[in-house]
Amino acid sequence: MIGTNLRRQALLIAAFGIVYAVATAFAENSYYQLIMTVVPVWAVMGLAWNALSGYSGLVSFGHAAFFGLGAYSLALAQIYWGLSPWLGIPLAGVVGALAGLVVGFPTFRLRGHYFALAMLAYPLALLYVFEWLGYQELTLPMQREAPLRYMQFEDHRIYAWIALALMIGAMALTSLLERSRFGMSLLAIKQDEAAAEAAGIRTLAWKLKAITLSGAMAGTIGGFYAVVLLVVTPPAVFGMLVSAQALIVAMFGGVGTLWGPVIGAVILVPLSELLHAKLGNVIPGIQGVVYGIAIVAVILIAPEGVFWKVNDLMLRRRAGGNLDQPPSAGAVSAVVSELPRREKSGTVVFEVRNVSKAFGGLQAVRDVSMKVVNGEILGIIGPNGAGKTTFFNLLNGFIRPDQGQILMEGKNIVGARPYEICAAGVGRTFQVVRPFRRMTVLENVVVGAYVHAASDREARANAEAALAQVGLERDAQLLAGSLSNKKLRLLELGRALAGKPKVLLLDETLAGLGGNEVEEVIALVRRLAARGVTIVIIEHTMQAMVRLVDRFVVLNDGAVLAEGQPADITRNPAVIDAYLGKRWRVANA
Amino acid sequence: MLEIEALGAGYGAVPVLNGVTIRVGTGEFVAIVGPNGAGKTTLFKTISGIVPPMSGTIRFDGGDLLAVAPSARPHLGIAHVPEGRQVFPSLTVLENLEMGAATEAGRRNWAENLEKVYTWFPVLAERAKTQAGALSGGQQQMLAIARGLASSPKLLMLDEPSLGLAPTIADEIFERIVAIHAGSGLTVLMVEQRVAEALHFASRGYVLEAGRVVLEGGHDDLKSNDRIRQAYLGM
Amino acid sequence: MNAAQLLENFLQALTAGLLTGAIYGLMCVGLSVIFGVMRVINFAQGDFMMLGMYVAYYAFGLLGAHALFGTAMGPYIAALLAGPVIFVAGVIVHKLLVSRVTGIRGSALESEGHYAQLILTLGVALVLQNGGLYVFGSTPVSIATPLSSSAWALGPFYGDATIFVNQGQTVAAVIAVLAVLGFVLFIARSRLGKSLRAAADNPEAAIYMGIDVDRAHRLAFGFGVALTAVGGGLLASGGPFQPYVGLEYVIVMYAGVVLGGLGSVSGAFFGGLTIGMVQQLSTLFLPNQLQNTAIFVVFLIIVLLRPQGLFGRAARRT
């Protein structure tokens, strides 16, 4: 994510692990040894929360469910079957993963607040169930004859080292994932789920994988926690504070990063433990207060967390003044007359048949039919509110038409999900640009490339090629949020192109651009068409479009008003009336 | 009455408006036209305080408008009829009008304003007890305008009153706006894509493209200007 | 168990459900007002309820509601007192904390701002719960009133089926219903109530009307926690409670509000009423410990099958 490569990351993790292991060796007091053990435990919980909520943006208030199930699986397996914790901890992980899958499948139908609240209900429901089952207090039996087999060490530092090993495992896993298709897809979902789906990301599948992994991590560490404490009670493992601590260490340190949860745990866990030890008698509940204040402070002062705050500060210092980058070369070099010739094969690649859509009483699109020929540039125009964007949303599967068919290469795609339509070769951009703002330009485009790439490497190569096509290769490492309007438009074009579309739907790509910029983008779109991409472009005005498109379809009031060559359309009285009003035609006739 | 000087504004770091200068005199009817994305709605939102300005000044009635909190601006006499109508759907028509009359002047002249509004838009009187969400698009637009008028404004700002309306309904709305302007002497600032109507009724007009004023002038200068024809029809 | 006994048990549970449900309804209305106007889910709602219980407890004991109004009516006066006290507390919490991440400012934060509100109130909840442990102690307390241990006997019906209606709960339920009716009237008729609804419908347009949306949010937050606190105060004479009690009611309230359709005030009341009945009726065939689990399960089913609620309109801006 942030310039560091995998190797440097691995070295950093290893260095951190060694320092921590050595520090643990010097902790002689059993109280400090316990703290050294608990810090990695909550770091792993934070990483588990982060793997789902940090990357996908779906906030979970219920990670205690996975943690508690892990703890109880281990304890019950050891008590009833005499299972060794060495096997019990992996078992706890498997139980956590299954729980994640079972919880995720129904709950991902929900979004936003509903998702967060539903997640809260799972651990609280389980808490009462385990009390009712009679497991108010499970104690792991002492196994003095086989301490090693049952992880019952005299030297408590060993627990801290095991915890550290688990944490390093979780960190390694996270760092591998965050650079892969997995992490990128989740990040894209977090920033704009609809745009991600339109770029070909199978959002539900990725979210399910994320919650399964997250549940596995939380279950594993829950099992280990049972071994450390030797006693399992429902409030201790299913309680609100467990879910809250997972969320808080991750948010405090920095959401969506490898180091965030670790930083959060290293700062907050010892702080609350020490305060609890010093003041616990005077101020009961001090731990909860510390976590509460920490999260309130983070939200108000640095909602992105400590990691991002420091990272942003460092970036700003490094950038120090040279923020004004020279404009990339090749601007305004395009002249309309130099544009390449294009071949139109005459075969219909995309066809719309009698499509209608109403919202409540409002007929947004009525009985629209059109054919798009391979290699053609078709312009769809119409005044505001004519139903143009609704029409595009029908075409790429965001909404389903009430009636009619949409045929991509002869196959009806009505009812298909947006990512399936994207995979079938229909790419799109948005009227209001929807970049993934916290990702770099290249990463944005890589997300769009996954749909037709077998490997991460291929996706990256396709993305770089797409960036070169739109002329953004020099901006590849900039954050998308920092781009100008024109470059954002180009970025969206690049993201759509990286998925190797056959038909590209462009929604008001020219809106808000100045004179020269319009010419540049027109030249680019024509070059794309010359390479065989069929283009359907929506615009409000005809101004630049007459120089771009082969054919116009004019929408008004949700229906096709006129269709034909640019020269005819601009003289069509019905079109002039729709745009400028009757008065204009009469006055200037 | 309204003096906008070298105004720059936008969302995040990217400016949408670049040095826009616009003047509206008392009693004038001024139209602003231009294609999508030109910054017309952003301009209105900056006047109302929803979008913070980056540079420039806005003066209203001689005072610095930018120093006034957004929710206090309507009390100065600015009524903003937003794009897409934005009536309060769960409130009744009458309650919507009451909300419009939340300003001091609006409360003072409530009975009188209500009568006027009902004469201009009789359908609102008929449907006074209906939830605004249940009205048709044209009726909602009438309600939005009436709601603005209920505040006893000095300046009425209309953002695309014809948006999404069938042509005949839009014509009807236009006629009412013209009648209201003629009848009340209210100052009107209107963003509109139906250029011919907008320029026909307005005393002056501005053409906004890509965040800048590219053309301004009186009614007759603009009506047959090729720049406008080109902006919309590309010829 | 014969049919008459079954009927008796059923009617008994139904009555208890209606009485508890009325108080839950009031609590849900509080949460719903906050969500309806601000589009914020207040995680700390249960803890404001807990504060309401303690305010009622201390108002009854220390401040003399007991001495002034006697043990019979004293607890109810004390519960009503919790309203204004918690209103002020809510307004302060909103002004200092919540307002920084909500309203027009919060909506500029895009999707991240969405969660900022939820997580901020989670922090407030943790501080209130655990701070409450320090201030109020962990020993459960309750308000003793003779009414809560006396009952009217109704019946016998169909032979010998007799049901007992707890007097304390009945008075509490009547007060809760009156409070809800009063608030609904306030929201429907008063100018302030209408402007709160306008701010809820469309905050941007409300600003164009000259409505101070930040103030509307502050008041809504205050009203919301105050209503729930009165509900808490009414429950305070029903049984012992401690500073963590809010958690038990968090899901009760969410379930009721979601059932009624997020943002619908009258829907929230009926949602809460339904949840009270579900809780009590579940005791007919589930062990007592699983009462709350029954609510969670109902909650999950509602959320998964009908997130727009059973009674209300769909919440459009979630």
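In this convention, every chain numbers its residues from 1, walking through the sequence in written order. Starting at A for chains and at 1 for ligands, labels are handed out in the order in which the entities are written. Reporting of local features is limited, given that this is a predicted model, to residues whose pLDDT is at least 70; pairs of side-chain atoms are given and counted only at 80 or more, and all residues count toward the totals for whole chains, interfaces and linings.

Caption draft 1: Structural view of the overall build of chain C. Of regular secondary structure, chain C possesses 12 helices and two strands. Secondary structure elements are taken from DSSP: a helix is a run of H or I of four residues or more, a strand is a run of E of two residues or more, and numbering for both begins at the N terminus. From first element to last, N terminus to C terminus, chain C shows the α and β order α-α-α-α-α-β-β-α-α-α-α-α-α-α. Taken over the C-alpha trace, chain C has a radius of gyration of 20 Å; the compact-globule value for 318 residues is 20 Å, and the two agree within 12%. Once C-beta atoms are placed from the backbone, each residue is buried if 20 or more other C-beta atoms lie within 10 Å of its own, exposed if 12 or fewer, and partly exposed for counts between those two. Per-residue burial over chain C gives 60% buried out of 318 residues. The contact criterion used here is simple: two residues whose C-beta atoms, placed from the backbone, lie within 7 Å are in contact. A separation of at least 24 residues holds for 77% of the contacts in chain C among residues at least 6 apart in sequence. Taken over C-alpha atoms, the radius of gyration is set against a globule rule of 2.2 Å times the number of residues to the power 0.38.

Caption draft 2: Seen up close, the packing of helix α17 (residues 441-449) of chain A against helix α18 (residues 456-470) of chain A. Residue and element names in this part refer to chain A. Comment: axis = line fitted to C-alpha atoms, over the contacting stretch for helices; angle = value between 0 and 180 degrees taken between N-to-C directions. Interhelical geometry of α17 versus α18 gives an angle of 120° and a closest axis separation of 8 Å. Helix-helix and strand crossings are classified by hand; for α17 and α18 the assignment is right-handed. Listed contacts from α18 to L442, V445, V446 and A449 of α17 are A459, R460, N462, A463, A466 and L467. Under the convention adopted here, Pro, Cys and the residues Ala, Val, Leu, Ile, Met, Phe, Trp and Tyr are nonpolar, Asp, Glu, Lys and Arg are charged, and Gly plus all remaining residues are polar. When its residues are assigned to classes, the contact of α17 with α18 shows eight nonpolar, one polar and one charged. Note on convention: the crossing is left-handed when the near helix lies turned anticlockwise from the far helix by less than a right angle, right-handed when the turn is clockwise.

Caption draft 3: Structural detail: the nonpolar core. The biggest cluster of nonpolar side chains holds 390 residues, and the ones touching the most others in it are V44(A), A121(A), I295(A), A56(C), A255(C) and F299(C). Filtering out sequence-adjacent residues up to four positions away, I295(A) remains in contact with I248(A), M251(A), F252(A), I119(C), L122(C) and G123(C). Each nonpolar core comprises buried Ala, Val, Leu, Ile, Met, Phe, Trp, Tyr and Cys residues, the members being joined through C-beta atoms within 7 Å.

Caption draft 4: Spatial organisation of the pairing of strand β3 (residues 29-33) of chain B. All names here are of chain B. Within β3, five of the five residues are buried, leaving the element largely enclosed by the surrounding structure. Of the two faces of β3, the one holding F29, A31 and V33 and the one holding V30 and I32 are both buried throughout. Pairing of β3 with strand β8 (residues 187-191), which is carried by four bridges, proceeds in the parallel orientation. When the bridges of β8 are listed, V30 appears paired with L189. We treat two strands as partners when DSSP finds at least two bridges between them. Bridging between β3 and strand β9 (residues 204-209) involves four bridges; their strand directions are parallel. Along β9, the bridge assignment pairs A31 with G205.

Caption draft 5: Broad picture of the sheet that holds strand β11 (residues 551-556) of chain A. Residue and element names in this part refer to chain A. With mixed pairing, six strands are arranged side by side in an open sheet as β8-β9-β10-β5-β11-β12. Single-partner strands in this sheet number two, and they are β8 (426-428) and β12 (559-564). Between one strand axis and the next, the sheet turns by 20° as a mean value, whatever way the strands run. With three bridges joining them, β8 and strand β9 (residues 503-507) adopt parallel strand pairing. Bridge pairing links V426 to V503 in β9.

Caption draft 6: Local environment of the packing of helix α11 (residues 240-253) of chain A against helix α13 (residues 286-301) of chain A. All names here are of chain A. Put simply, α11 and α13 touch, their axes get as near as 10 Å, and they point 40° apart. Considering the angle they form, α11 stands oblique to α13. Crossing handedness for the pair α11 and α13: left-handed. Residues L241, A244, Q245, I248, M251 and F252 of α11 lie in contact with α13, whose contacting residues are G288, Y291, A294, I295 and V298. A per-class count over the contact of α11 with α13 returns nine nonpolar, two polar and no charged. Angles are sorted into four bins: roughly parallel if under 35 degrees, roughly antiparallel if over 145, roughly perpendicular if 65 to 115, and oblique for all others.

Caption draft 7: Representation of unusual backbone geometry within the structure. Residue and element names in this part refer to chain A. A positive phi angle, close to 50°, is found at M151, a residue other than glycine. Positionally, M151 belongs in the loop between β1 (138-139) and α6 (157-178). A positive phi angle is found at D557, which is not glycine, with a value near 55°. Within the secondary structure layout, D557 lies in the loop between β11 and β12.

Caption draft 8: Region of interest: the sheet that holds strand β6 (residues 403-408) of chain A. Residue and element names in this part refer to chain A. Ordered in space as β4-β3-β6-β7, the four strands form an open sheet in which the pairing is antiparallel. Looking at which strands have only one partner, the edges of the open sheet turn out to be β4 (362-373) and β7 (411-412). With eight bridges joining them, strand β3 (residues 348-359) and β4 adopt antiparallel strand pairing. Within β4, the position partnered with A358 by the bridge is Q363. Where helix α15 (residues 388-395) meets the sheet, its contacts fall on β3, β4 and β6, and the angle it forms with β4 comes to roughly 65°.

Caption draft 9: Focus on helix α1 (residues 3-38) of chain C. One less than the number of residues in a helix, times 1.5 Å, gives the span that helix is expected to have. Under the 1.5 Å per step criterion, the end-to-end length of α1(C) is 49 Å for 36 residues, consistent within 8% with the ideal 52 Å. Just beyond α1(C), the residue with positive phi is R39(C), at close to 60°.

Caption draft 10: Region of the structure containing the interface of chain A and chain C. Each side of the interface is counted separately: chain A has 34 residues, and chain C has 39 residues. Among the secondary structure elements, those contributing two or more residues to the side of chain A that touches chain C are α5 (112-132), α11 and α13 of chain A. It is α5(A) that contributes the most residues to the side of chain A that touches chain C, 13 residues altogether. For the side of chain A that touches chain C, the per-class residue count stands at 26 nonpolar, six polar and two charged.

Caption draft 11: View of helix α2 (residues 30-56) of chain A. Residues and elements named next belong to chain A. Its 27 residues place the ends of α2 39 Å apart at the C-alpha level, agreeing with the 39 Å of an ideal helix rising 1.5 Å per residue. Maximal helix bending in α2 amounts to about 45°, located at N50. Across the 27 residues of α2, 21 count as buried, placing the element largely inside the fold. G57 lies just past α2 and shows a positive phi near 80°. Two axes define the bend at a residue: one fitted to the seven residues ending there, one fitted to the seven starting there, and the bend is the angle between them.

Caption draft 12: Highlighting the pairing of β11(A). Residues and elements named next belong to chain A. Counted residue by residue, β11 has five buried out of six residues, so it is predominantly covered. Here β11 runs beside β12; their pairing, made up of five bridges, is antiparallel. Each residue of the ladder has a partner; that of L555, found in β12, is V560. Counting the residues in the hairpin turn of β11 and β12 gives two residues, including D557, whose phi is positive at 55°.

Caption draft 13: How the structure looks around the confidence of the model for chain C. Residue and element names in this part refer to chain C. Across the chain, each position has a pLDDT score giving the predictor's confidence in that residue, from 0 to 100. Of the residues in chain C, 91% have a pLDDT of 70 or more, and the chain-wide mean is 85. Element-level mean pLDDT values for chain C span from 50 in helix α4 (residues 103-107) up to 94 in helix α9 (residues 213-235). Contacts for the low-pLDDT stretch residues 105-111, under 50 throughout, to residues beyond four places or in other chains number eight contacts. Ignoring residues within four places in sequence, the model shows residues 312-318, a span with pLDDT below 50, making 16 contacts including any to other chains. Predicted complex, confidence summary: ipTM 0.91, pTM 0.84.

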